[in-house]
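As a plain string of letters, each chain reads:
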Amino acid sequence: MSKGRSQANALMVRIKKVRKRKGYSQFQLAQKLDLSQNAYSKLELGRSNLSLDKLFDIAEILETEVTHFFKDQP
């Protein structure tokens, strides 16, 4: 796995943690993003690339600063 892919997967893991902490299901977040649940699931699994636009949309929906997703978490 390339370093870039590894970092992208770590980003999605952080997004997933925040999504769950905020009480959103994949389906609920997908609806707010105007995606199918399947398309959103592929993002979280790293099977689809996350655009910057979607990243900012996710942060806004989750009421989280985008930079939070890039901070090292314990």
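Here the structure is a predicted model, which is why all the values come from computation and not from measurement.

With respect to the overall build of the protein
The helix and strand inventory of the protein stands at four helices and zero strands. N-terminal to C-terminal, the α/β element order of the protein is α-α-α-α. Against the compact-globule benchmark of 11 Å for 74 residues, the protein has a radius of gyration of 11 Å, which places it among compact chains. In terms of principal-axis extent, the alpha carbons of the protein reach across some 30 × 25 × 20 Å. Each of the 74 residues in the protein was classed as buried or not, and the buried ones make up 31%. Contacts spanning at least 24 positions in sequence make up 55% of the contacts within the protein whose residues lie at least 6 apart. By element, 48% of the accessible surface of the protein is carried by carbon and sulfur atoms, the whole surface being about 5100 Å². Here the protein holds 14 positive side-chain charges and 8 negative ones, and the gap between their average locations is 10 Å.

Considering the pattern of salt bridges
Tallying each qualifying case throughout the model produces one salt bridge. Arg-19 is the salt-bridge partner of Glu-44, the closest N and O atoms lying 2.6 Å from each other. Of this pair, Glu-44 sits in helix α3 (residues 37-44) while Arg-19 sits in helix α1 (residues 3-21); the two residues are 25 residues apart in sequence, bridging distant segments of the chain. A single burial state applies to Glu-44 and to Arg-19, both of which are buried.

Observations regarding the environment of Gly-46
Within the secondary structure, Gly-46 sits in the loop between α3 and α4 (52-61). In this structure Gly-46 comes out as buried when scored by relative accessible area, which is 18%. Note: C-alpha distance between Gly-46 and Leu-11 (35 residues apart in sequence) is 9.5 Å. Non-local contacts of Gly-46, meaning those with residues more than four positions away in its chain, are made with Arg-5 and Asn-9.

How each quantity is defined
- Residues numbered from 1 in each chain as written.
- Predicted model: local features only at pLDDT ≥ 70, side-chain atom pairs only at ≥ 80, totals over all residues.
- Heavy atoms only, no water.
- Helix = DSSP H or I, 4+ residues; strand = E, 2+ residues; numbered from the N terminus.
- Rg over C-alpha atoms; globule rule 2.2 N^0.38 Å.
- Buried < 20%, exposed > 50% of the residue type's maximum accessible area, 1.4 Å probe, protein only.
- Contact = heavy atoms within 4.5 Å.
- Areas by Shrake-Rupley, 256 points an atom, 1.4 Å probe, with all protein chains shown as cover.
- Lys, Arg positive; Asp, Glu negative; His and termini not counted.
- Charge placed at Lys NZ, Arg CZ, Asp CG, Glu CD.
- Salt bridge = Lys/Arg side-chain N within 4 Å of Asp/Glu carboxyl O.

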